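Below are the chains, spelled out letter by letter.
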Amino acid sequence: MDLQMWHATIAVPAPTEPFFLGMPYWLVGAILILALFGAFQVYYWVGRKLGEKLYESRIGVKLGRKRIAKIEHVVERWGALAVYGCFWVPMLRHTLPWVAGALRVSYPWYVVASALGCLTWAPMWWFGLTALVWGWLELAARSPATAAVAAVLAVGLVGWLTVRRRRRRRATEDEALVS
């Protein structure tokens, strides 16, 4: 076997070997998927219980009425399909389920959409993030200086993207105030 190929295969732990608390890697992933699915059900029912009070809640005030209205528009237009799509959009992932509950999206369709979202989104992040972390640890074992440079570059990139996004948002808000 080629040496490079061997290193690529150990970037993710063996699926049946003990990984976390003695559980195999696949079981930890399955538990995380179920936990995410459970959280989405809680989001829905809290949103359903809050209803209009969602706007006055701490989360609603923090999000703002305009953002919630945008999310409501997405849910009204796409229904349960929006629930599946929200897994792939960072801001929507944890806000849309509340709004879906408040708007009383059909619960059976919500369950199907959130289950499909959990089954497709979570494994991608579970395996991808684990491969990234293990790959970085392997890099650190071989070359600590290179791993440190990679970490600094990653943190710098995230910082730069955050500042850029905030500046764009402020510019948009300023334009809206001037108009």
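For every chain, the first residue of the written sequence is number 1, and numbering continues from 1 onward in sequence order. This being a predicted model, a pLDDT of at least 70 is required before a residue's local features are given, and a value of 80 or more before pairs of side-chain atoms are given or counted; all residues contribute to the totals for chains, interfaces and linings. Excluding hydrogens and water, the side-chain values take into account all heavy atoms of the structure.

S.K.: For the nonpolar core, give the residues involved together with the corresponding values.
M.R.: Core analysis: the biggest nonpolar cluster contains 27 residues, and Leu36, Phe40, Phe87 and Leu96 have the highest contact counts within it. Within the residue set of this core, elements represented by two or more residues are α2 (25-50), α4 (65-78), α5 (80-86), α7 (96-102) and α8 (107-142). The contact criterion used is simple: two residues touch if any of their non-hydrogen atoms lie within 4.5 Å. With sequence-adjacent residues up to four places away left out, Leu96 is seen in contact with Ile71, Val74, Val75, Ala82, Val83 and Cys86. To define a nonpolar core, start from buried Ala, Val, Leu, Ile, Met, Phe, Trp, Tyr and Cys residues and group those joined through side-chain atoms within 4.5 Å. Whether a residue is buried, partly exposed or exposed follows from its accessible area with a 1.4 Å probe, protein chains only, as a fraction of its type maximum: under 20%, in between, or over 50%, in that order. Helix and strand labels come from DSSP, where a helix needs a run of H or I of at least four residues and a strand needs a run of E of at least two; each type is numbered from the N terminus.

S.K.: I'd like a description of the packing of α8 against helix α9 (residues 144-178), backed by residues and values.
M.R.: Structural elements are reduced to axes, namely lines fitted to C-alpha atoms, with helices fitted over the stretch in contact, and the angle between N-to-C directions of any two is expressed from 0 to 180 degrees. Contact geometry of α8 with α9 gives a least axis separation of 5 Å together with a crossing angle of 140 degrees. When the axis of α8 is compared with that of α9, the two are oblique. For the pair formed by α8 and α9, the contact residues are Trp136, Leu139, Ala140 and Arg142 on the first element and Pro144, Thr146, Ala147, Ala150 and Ala151 on the second. Among the residues forming the contact of α8 with α9, the class breakdown is 7 nonpolar, 1 polar and 1 charged. Oblique is the label for any angle not under 35 degrees, not over 145, and not in the 65 to 115 range, which are roughly parallel, roughly antiparallel and roughly perpendicular in turn. Gly is placed with the polar residues, together with every amino acid not listed as nonpolar (Ala, Val, Leu, Ile, Met, Phe, Trp, Tyr, Cys and Pro) or charged (Asp, Glu, Lys and Arg).

S.K.: Requested: an account of the packing of α2 against α8, with residues and values cited.
M.R.: A pair of packed helices can be characterised by two numbers: the angle between their axes and the separation between those axes. Two numbers describe how α2 lies on α8: the axes approach to 9 Å, and their chain directions differ by 140 degrees. By the angle between their directions, the pair α2 and α8 is classed as oblique. The crossing of α2 and α8 is right-handed. Along the lines of polarity and charge, the residues of the contact of α2 with α8 split into 20 nonpolar, 4 polar and no charged. With the far helix as reference, a near helix turned anticlockwise by less than a right angle produces a left-handed crossing, and one turned clockwise produces a right-handed crossing.

S.K.: How would you sum up a positive patch on the surface? Please name residues and give values.
M.R.: Each patch is built from salt-bridge-free residues with over 30% relative accessible area, joining like charges within 9 Å and nonpolar side chains (Val, Leu, Ile, Met, Phe, Trp, Tyr) within 5 Å. Where accessible areas are quoted, they stem from the Shrake-Rupley method and a 1.4 Å probe; at the residue level, only the protein chains shown are allowed to cover. Throughout this description, the term salt bridge denotes a Lys or Arg side-chain nitrogen within 4 Å of a carboxyl oxygen of Asp or Glu. By the counting rule applied here, Lys and Arg register as positive and Asp and Glu as negative, while His and the ends of each chain are not counted. One atom stands in for each charge, and that atom is NZ of Lys, CZ of Arg, CG of Asp or CD of Glu. On the surface, Lys66, Arg67, Lys70, Arg165, Arg166, Arg167, Arg169 and Arg170 cluster together into a patch of positive charge. Where the positive patch is concerned, the elements lending two or more residues are α4 and α9. Position of Lys66 relative to the elements: it lies in helix α4. Taking relative accessible area as the criterion, Lys66 reaches 72% and is therefore assigned exposed.

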